[in-house]
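Given next are the chains, with one letter for each unit.
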Amino acid sequence: MAWDRNQMAERAAQELQDGWYVNLGIGIPTLVSNYIPEGITVTLQSENGMLGMGPFPYEGEEDADLINAGKQTITEQPHTSYFDSAQSFGMIRGGKIAMAILGAMEVAENGDLANWMIPGKLVKGMGGAMDLVAGVGRVVVVMDHANKHGESKVLKACTLPLTGQGVVDRIITNMGVLDVVPGGLKIVECADGVTEAELRAATEATIVG
Amino acid sequence: MKKVYGSAADALDGLLHDGMLIAAGGFGLCGIPELLIDGIVASGVKNLTVASNNAGIDDFGLGKLLATRQISKMMASYVGENAEFMRQYLSGELELEFNPQGTLAERMRAGGAGIPGFYTKTGVGTVIADGKDVRTWNGQDYILEEGIFADLAIVKAWKADATGNAVFRKTARNFNPPAAMCGKVCVMEVEEIVPTGSLDPDSIHLPGIYVTRLIQGAHENRIEQRTTRKRETA
């Protein structure tokens, strides 16, 4: 037993605080918007130039001029605002975005993050990920604990080219929640049906405390 | 001075030369200067360096200029949806300079504002920082990034008046204003040229000072990822 994609997103949604401006990455982080807790208002930023991102449009109401950073058609909300890419990343670099929730290929115990390229394989680019992890107030990674070969993605040191150095604050995986602290990672909680011993055994990184 | 031209070919006449640096607006296929890209394809100009967040897709946007091998170098943040791009890059036919998206936008904005370089913490400790000057303020490292001064900017807006005052629509604004700013000259295409005086001066997104030439035309405005939800049934 462990969390599935939706349960990981639901857990990540618990990180949100009322009034925050937040950027959600592509994949599981996008699902977080389905679980925003009752009574909490967060404004979602899309780094291609929008605050106040709404859900997908109804069929027939798609607008080519209204897309998210994953190039998917979306909608606006009453409080939406639009701006250009320089201003968008100005608010990211300037620390106005409280938190980014994004996926990862690897995370290391010192908070290093790798999520943009695998040398020798397909290279797609970092998009806005390097700007986000360097600029936002808090970086939460949501990802599977292991890769498809069953190897830990929570490492002592990243092997892939970095997206950011020492940037990750919290890691949410299908097995639990870990914080980056001095000396390594600290277990915050275990996923449903996962024991602390199982979480430790599945983690290559140093676990302190 | 007349800014309005009849076609992309007319508007680009005299502005193109081999080996030039072109900054292009757009994000994915959203807000791209599709008519001017077609005009550059038709011109046959080659050995271009293009600064643009993305490289289009195989048969649309900048992908058309890749198909004709008119681009020799791309400065971009994300090139994931373009098989021909990947093929040319992996075979060494095309040079690629990855820029973090915000760094690319700020490099354009800075160039347009007469700023040759700026320090940012984006990319510190990554391959992006290789060979770049590092300075430390308050214990935080920052790397030097250079402003982009393009020979030509090509951008797309929604509406403009004949003086080039422009309004963009929703997320189609994206890289268009910073790209427009960083060009020595800027050619803009719009869906509609409106009478001067009909746009609210307080609501101009890009003042006409940044626009050298202007054309109007029909746009395909292609959607890259069509995502929808079902209507709730009562």
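Structure shown above.
Since the structure is predicted, the reported quantities are computational estimates derived from the model, not experimental observations.

1. Some thoughts on the overall build of chain B
Secondary structure assignment for chain B yields 6 helices and 11 strands. For 234 residues, the compact-globule estimate of 2.2 N^0.38 gives 17 Å, and the C-alpha radius of gyration of chain B, at 18 Å, lies within 12% of that figure. Along the first, second and third principal axes, the C-alpha atoms of chain B reach 60 × 50 × 40 Å. In chain B, buried positions account for 53% of the 234 residues. Sequence-distant contacts, at least 24 apart, represent 72% of the contacts inside chain B between residues at least 6 apart. Computing the positive centroid from 24 side-chain charges and the negative centroid from 28, chain B places the two 4 Å apart.

2. A short note on the nonpolar core
Ranked by internal contacts, the top residues of the largest apolar core, which has 55 residues, are L16, V32, I101, V107, L113, V142 and V168 of chain A. Setting aside its immediate chain neighbours within four residues, V107 of chain A contacts D112, L113, V141, M143, K153, V154, L155, C158, V168 and I171 of chain A. In terms of nonpolar packing, the next biggest core, distinct from the first, is built from 39 residues, I22, V45, L48 and I154 of chain B among them.

3. Comments concerning the sheet that holds strand β7 (residues 113-114) of chain A
Residue and element names in this part refer to chain A. Taken in spatial order, the 3 strands line up as β7-β6-β9 in an open sheet, and their pairing is mixed. The outermost strands of the open sheet, each flanked by one partner alone, are β7 and β9 (154-155). Bridge count for strand β6 (residues 106-108) against β9 is 2 bridges, and the pairing is parallel. Counted as the bridge partner of A108 is L155 from β9.

4. Considering helix α2 (residues 34-43) of chain B
Here α2 of chain B has its buried residues at E34, L36, I37, G39 and I40 of chain B. G44 of chain B, located one to two residues past α2 of chain B, shows a positive phi value of around 80°.

5. What to know about the interface of chain B and chain A
Each partner contributes to the interface: chain B provides 50 residues, whereas chain A provides 47 residues. Roughly 4,300 Å² is buried in total at the junction of chain B and chain A, and carbon and sulfur atoms are behind 57% of that figure. For the chain B face of the interface with chain A, the top three residues by lost area are K170, T171 and R229 of chain B, together amounting to 16%. Across the salt bridge formed by E76 of chain A and K170 of chain B, the nearest N and O atoms sit 3.0 Å from each other. Linking chain B with chain A are 27 residue pairs in polar contact (both at pLDDT 80 or more), by the criterion used here. Breaking the side of chain B that touches chain A down by element, the ones donating at least two residues are α5 (101-112) and α6 (176-182) of chain B. Tallying contributions element by element places α5 of chain B first for the side of chain B that touches chain A, with 6 residues.

6. A few points about the pattern of salt bridges
Once their charged atoms are close, side chains differing in charge can pair, the charge on each being opposite to the other. Inspection of the entire model under this criterion finds 27 salt bridges over all chains. The salt bridge partner of E15 of chain A is R170 of chain A, with a shortest N-O separation of 2.8 Å. Taken together, the residues span a long stretch of sequence, with E15 of chain A in the loop between α1 (5-13) and β1 (21-24) and R170 of chain A in strand β10 (residues 170-173) at a distance of 155 residues. Side by side, E15 of chain A and R170 of chain A carry an identical accessibility label, which is buried. Among the ionic pairs, R226 of chain B bridges to E62 of chain A, the shortest N-O distance being 3.3 Å. In this pair, R226 of chain B is assigned in the segment after β11 (213-216) and E62 of chain A in the loop between β3 (50-54) and β4 (75-82), connecting two distinct chains. Accessibility expressed as a relative area gives 54% for R226 of chain B, which makes it exposed. Counted as one network, the salt bridges with shared partners bring together R11, E15, R138, R170, D179 and E189 of chain A.

7. Topic: the packing of aromatic side chains
All told, the structure shown has 3 aromatic pairs over all chains when counted by the stated rule. Taking the centre distance of 5.5 Å and the plane angle of 90° together, the rings of W116 of chain A and F98 of chain B count as edge-to-face. Of this pair, W116 of chain A sits in the loop between β7 and α4 (129-135) while F98 of chain B sits in strand β4 (residues 95-98), which puts the two residues in different chains. F98 of chain B matches W116 of chain A in its accessibility class, with the two residues each being buried. Taken together, Y119, W137 and Y142 of chain B form an aromatic cluster joined through their ring pairs. R135 of chain B extends its terminal NZ or CZ atom over the ring of Y119 of chain B, reaching a point 5.9 Å from the ring centre.

Calculation rules
Residues numbered from 1 in each chain as written. Chains lettered and ligands numbered in written order. Predicted model: local features only at pLDDT ≥ 70, side-chain atom pairs only at ≥ 80, totals over all residues. Heavy atoms only, no water. Helix = DSSP H or I, 4+ residues; strand = E, 2+ residues; numbered from the N terminus. Rg over C-alpha atoms; globule rule 2.2 N^0.38 Å. Buried < 20%, exposed > 50% of the residue type's maximum accessible area, 1.4 Å probe, protein only. Contact = heavy atoms within 4.5 Å. Lys, Arg positive; Asp, Glu negative; His and termini not counted. Charge placed at Lys NZ, Arg CZ, Asp CG, Glu CD. Core = buried A, V, L, I, M, F, W, Y, C linked by side-chain atoms within 4.5 Å. Pairing = 2+ DSSP bridges. Buried area = accessible area lost by both parts, 1.4 Å probe. Salt bridge = Lys/Arg side-chain N within 4 Å of Asp/Glu carboxyl O. Polar contact = N/O pair within 3.5 Å; in protein donor to acceptor, adjacent residues only side chain to side chain. Phe/Tyr/Trp six-rings, centres within 6.5 Å; stacked < 30°, edge-to-face > 60°. Lys NZ or Arg CZ within 6 Å of the ring centre and 35° of its normal.

Bear in mind that shape data such as this cannot, by itself, settle questions of function.
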